[in-house]
Amino acid sequence: MSNYLEALNLPLSAQSDAGKRRKQILQSTPWAPVPTTHVSYVSANRLLIIAGLETARQIEARLPEKLLCYIACPADKSGPATPANGYYCSGLAVSGYLGRFAVFIDEHPGADTATDANNNLASIFNIHSELFDQVLDCSSRPFITAAIKPPGYHHVGQDESLMEIAVENIPEMIGEFEKPKFFDYNPDICAHGRSGIRGCTRCLDACPADAIFSLGEMIEVNPHLCQGGGACASSCPTGAIGYAYPKADEQIEFLRVVLKSLREKNQNHGVTLLIFDNEHGREVLESFAGQLAEYVIPYVVEEIGSVGLDLLASALAYGANRVYLYVPDTLSPQVTATLERNLSIIAAVLEQTHCDTHQIKIIGNLRALSTDDEPKRVEHAAIFAPMGDKRAVIRAALGFFSEMPQCPVEAVQLPDGALFGQIHLDADACTLCMGCVSVCPASALQAGGESPALGFIEANCVQCGICTRACPESAVTLEPRLHFDYNIINKVRTLKEETPFLCVDCGKPFATKAMISKMTEKLRGHWMFDKPEALNRLRMCEDCRIKDMFDKNDMIA
């Protein structure tokens, strides 16, 4: 961090020195990630080439002899004779990663394509491990459709330049390799599902590597497929999945120090923070550094997709007038959509709190910054440290804007899919069955004490939607919003309360009046309740119901 701050504080003898200063900033290290666990790959020399036989033979001739090449020719098996190291097949399914690619053909309709040994292409080639180490795919459409392909899978199509890169890289990917494990996952606070009901799917929708899978109530991340895109972490409403290389709180604390330093040094103008990552932005930014204005401060992250709502909101609260994210067109659509969703939440807060001195947006062309107006210095900046969980940091950052003198609101409406909000209850439809309470993953919905009641704590609600799907009466709806009063959102709000229904035999409270009324209405006329005494048992507690059936020798109902 120190060399980055030193570069920021270099004196400017003339405006022309801004480009040199900025290049020194780019060459410095803004943060040093804390070491994390690693993921290992072991890759031998078995390469599968998916191409026509003639093309595959030409590729094979360009590769070193140490590679054992196998050829999958997508063609009708009734065609030419099968070559020694090739196989004609009408369909392929490819999955896996470097050192462990499973490839199945679709030629035995009666068998399970994904498990039957007769369909395993590596087994057909007598490969003992039944796996390939790398795949070179020359088909027009890739067999692995993830936006970010797993390591060891080279889709080149008919592009000769991509072929050159693949031919050069494939021999270098033989051996043992390690990469950082980019994520942390805490299933205890995951809102993916409860009791077979699907809830939040933000991380699955955002992952460009198709590395995240549903396990019902939890998710699982395949660390070998994960390439550290970071969109899963920036989209998670609870912080159950987080970016571990580096952690968000490290970057936020660094921004706090940097922006405080800039505000103390620059008393006359504001700051534009330009966020980019090494893979998608550094080369472009270095070539364009001399054309950017002095107040544009570059800030590098490991992956642009990992930039979450907590970091973006904190940057604005700490005194950056403008926050721009450099996002090129080559970035995967899932990651771009996640960033846009986070920006829309911040934009809604800024608009409704009338903080027009702040701005946040995505840019794909740095030339727009060469003519950008100089920002005015904001009068107020937050000083909070990034302590607590993800939601606490976001609330602290966005709540800062509610403290501005021009802010007249206690709450702001947020776009659909936001991670904060309240629920609305149709009290007439609700029977207080407590089904929503039993499935709520965040303890936002709570049962009453001795009397039938449904309580709600807005601060806990992550807007996962499980309660809306669990309610048999469709009585629950969501409203995304951000309320700024901690006394209100942390207090249990009673949504509905009823006097209990008393057993008609012993007087014991055992249900609600609405529930008994609903059950009686629905079951009236059913053959098992066609007798008055059978229908009356619905108004009895469990003990009295069984006793009544024995006394009247009526064990059917």
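Residues numbered from 1 in each chain as written. Predicted model: local features only at pLDDT ≥ 70, side-chain atom pairs only at ≥ 80, totals over all residues. Heavy atoms only, no water.

Secondary structure assignment for the protein chain yields 18 helices and 27 strands. For the protein chain, the proportion of its 557 residues judged to be buried stands at 52%. Carbon and sulfur atoms form 51% of the exposed surface of the protein chain, whose accessible area is close to 26100 Å². (Helix = DSSP H or I, 4+ residues; strand = E, 2+ residues; numbered from the N terminus. Buried < 20%, exposed > 50% of the residue type's maximum accessible area, 1.4 Å probe, protein only. Areas by Shrake-Rupley, 256 points an atom, 1.4 Å probe, with all protein chains shown as cover.)

This part is about the pattern of salt bridges. Any two side chains of opposite charge can pair if their charged atoms end up close together. Across all of its chains, the model carries 11 salt bridges by this definition. Here Asp-184 makes a salt bridge to Lys-181, at a shortest N to O gap of 4.0 Å. Residue Asp-184 is classed as partly exposed on the basis of its relative accessible area of 32%. Note that Glu-458 and Arg-481 form a salt bridge whose closest N and O atoms lie 2.8 Å from each other. A residue pair is termed long-range when its members are at least 10 positions apart, and Glu-458 in the loop between strand 23 (453-456) and helix 14 (466-470) and Arg-481 in strand 24 (residues 476-483) qualify at 23 residues. For Arg-481, a relative accessible area of 13% corresponds to the buried category. (Salt bridge = Lys/Arg side-chain N within 4 Å of Asp/Glu carboxyl O.)

This part takes up unusual backbone geometry. For Ser-195, which is not a glycine, the phi torsion comes out positive at approximately 55°. Note that Ser-195 resides in the loop between strand 11 (193-194) and strand 12 (197-198). Overall, Ser-195 belongs to the exposed group, its relative accessible area being 54%. In this structure, Met-434 takes a positive phi of about 70° despite not being glycine. Tracing the sequence through the fold places Met-434 in the loop between strand 21 (421-425) and helix 13 (435-439).

So, about the confidence of the model for the protein chain. On average, residues of the protein chain score 87 in pLDDT, and 89% of them are at 70 or above. Every residue in residues 12-16 scores below 50 in pLDDT, and together they form 5 contacts with partners more than four places removed in sequence or on other chains. (pLDDT = per-residue confidence, 0-100. Contact = heavy atoms within 4.5 Å.)

On to the nonpolar core. Counting 55 residues, the largest nonpolar core has Ile-275, Val-323 and Leu-325 as its most contacted members. Within the residue set of this core, elements represented by two or more residues are helix 8 (248-265), strand 16 (272-277), strand 17 (296-301), helix 10 (309-317), strand 18 (322-326), helix 11 (333-352) and helix 12 (390-401). Top contributing element to this core by residue count: helix 11, with 8 residues. If we skip the residues at most four places from it in the chain, Val-323 touches Leu-273, Ile-275, Leu-312, Ala-315, Leu-316, Gln-359, Ile-360 and Lys-361. Tyr-97, Phe-183, Cys-207 and Val-221 belong to the second largest nonpolar core, which has 23 residues in total. (Core = buried A, V, L, I, M, F, W, Y, C linked by side-chain atoms within 4.5 Å.)

With that settled, the discussion passes to the packing of aromatic side chains. Scanning the model with the defined rule gives 9 aromatic pairs in all. For the ring pair Phe-182 and Tyr-243, a centre distance of 6.3 Å and an interplane angle of 20° mean the geometry is stacked. Of the two residues, Phe-182 is situated in the loop between strand 9 (175-180) and strand 10 (183-185) and Tyr-243 in strand 15 (residues 241-243); the sequence distance between them amounts to 61 residues. Here Phe-182 falls in the buried class, since its relative accessible area comes to 11%. Ring centres of Phe-254 and Tyr-299 lie 5.6 Å apart, and the angle between their planes is 20°; on these two criteria the pair is classed as stacked. Taken as a pair, Phe-254 in helix 8 and Tyr-299 in strand 17 lie far apart in primary sequence, 45 residues in all. As far as the burial class goes, Phe-254 and Tyr-299 line up, both buried. Chaining the aromatic ring pairs together yields one cluster made of Tyr-70, Phe-125 and Phe-132. Sitting over the face of the ring of Phe-183, Lys-181 holds its NZ or CZ atom 4.3 Å from the ring centroid. (Phe/Tyr/Trp six-rings, centres within 6.5 Å; stacked < 30°, edge-to-face > 60°. Lys NZ or Arg CZ within 6 Å of the ring centre and 35° of its normal.)

To continue, consider the side chain of Thr-353. With respect to the helices and strands, Thr-353 occurs in the loop between helix 11 and strand 19 (359-363). According to the relative accessible area criterion, Thr-353 is buried, its value standing at 0%. In this structure the side chain of Thr-353 is engaged in a polar contact, spanning 2.6 Å, whose partner is the backbone oxygen of Val-349. Not counting chain neighbours up to four residues away, the residues in contact with Thr-353 comprise Phe-401, Ser-402, Gln-406, Cys-407, Val-409, Val-412 and Phe-484. (Polar contact = N/O pair within 3.5 Å; in protein donor to acceptor, adjacent residues only side chain to side chain.)

A sheet is described by the order of its strands in space; here 3 strands give the open sequence 20-24-21, paired in antiparallel fashion. In this open sheet, the two edge strands, each paired with only one partner strand, are strand 20 (411-413) and strand 21. When the angles between neighbouring strand axes are averaged without regard to direction, this sheet yields 45°. Direction of pairing for strand 20 relative to strand 24: antiparallel, over a ladder of 3 bridges. Residue pairing in the sheet places Gln-413 in a bridge with Arg-481 of strand 24. (Pairing = 2+ DSSP bridges. Axes fitted to C-alpha atoms, helices over the stretch in contact; angles between N-to-C directions.)

As a further point, take the packing of helix 10 against helix 12. Their axes nearest at 8 Å, the elements helix 10 and helix 12 cross at an angle of 30°. Classified by the interaxial angle, the pair formed by helix 10 and helix 12 is roughly parallel. Seen along the crossing, helix 10 lies across helix 12 with a hand that is left-handed. Contacts from Leu-309, Asp-310, Ala-313, Ser-314, Leu-316 and Ala-317 of helix 10 reach helix 12 at Lys-390, Val-393, Ile-394, Ala-397, Leu-398, Phe-400 and Phe-401. Looking at the contact of helix 10 with helix 12 residue by residue, the classes come out as 10 nonpolar, 1 polar and 2 charged. (Parallel < 35°, antiparallel > 145°, perpendicular 65-115°, else oblique. Left-handed = near helix turned anticlockwise from the far one by under 90°. Nonpolar A, V, L, I, M, F, W, Y, C, P; charged D, E, K, R; others polar.)

Let us look at the environment of Pro-171. With respect to the helices and strands, the residue Pro-171 is situated in the loop between helix 5 (160-169) and strand 9. For Pro-171, a relative accessible area of 11% puts it in the buried group. With residues up to four places along the chain from it excluded, the contact list for Pro-171 reads Pro-64, Lys-66 and Leu-67.

A separate point is the sheet that holds strand 8 (residues 153-155). Across the sheet, 5 strands lie side by side as 4-3-2-7-8; this open sheet has parallel pairing. Every other strand in the sheet has two partners, leaving strand 4 (86-89) and strand 8 as the edge strands with one partner each. Within the sheet, the average angular offset between the axes of one strand and its neighbour, ignoring direction, is 15°. Relative to strand 7 (residues 134-137), strand 2 (residues 46-50) runs parallel, the two being bridged by 4 bridges.

On to the pairing of strand 3 (residues 68-74). Most of strand 3 is tucked away: 5 of the 7 residues are buried. Of the strand pairs in this sheet, strand 2 and strand 3 are connected by 5 bridges, and their pairing is parallel. Bridging from a neighbouring strand, Arg-46 pairs with Leu-68 of strand 3. As a crossover connection, the stretch from strand 2 through helix 3 (residues 53-62) into strand 3 is right-handed. Alignment of strand 3 against strand 4, held across 4 bridges, turns out to be parallel. Bridge pairing in strand 4 links Cys-73 to Tyr-88. (Right-handed = clockwise from strand over helix to strand, strands pointing away.)

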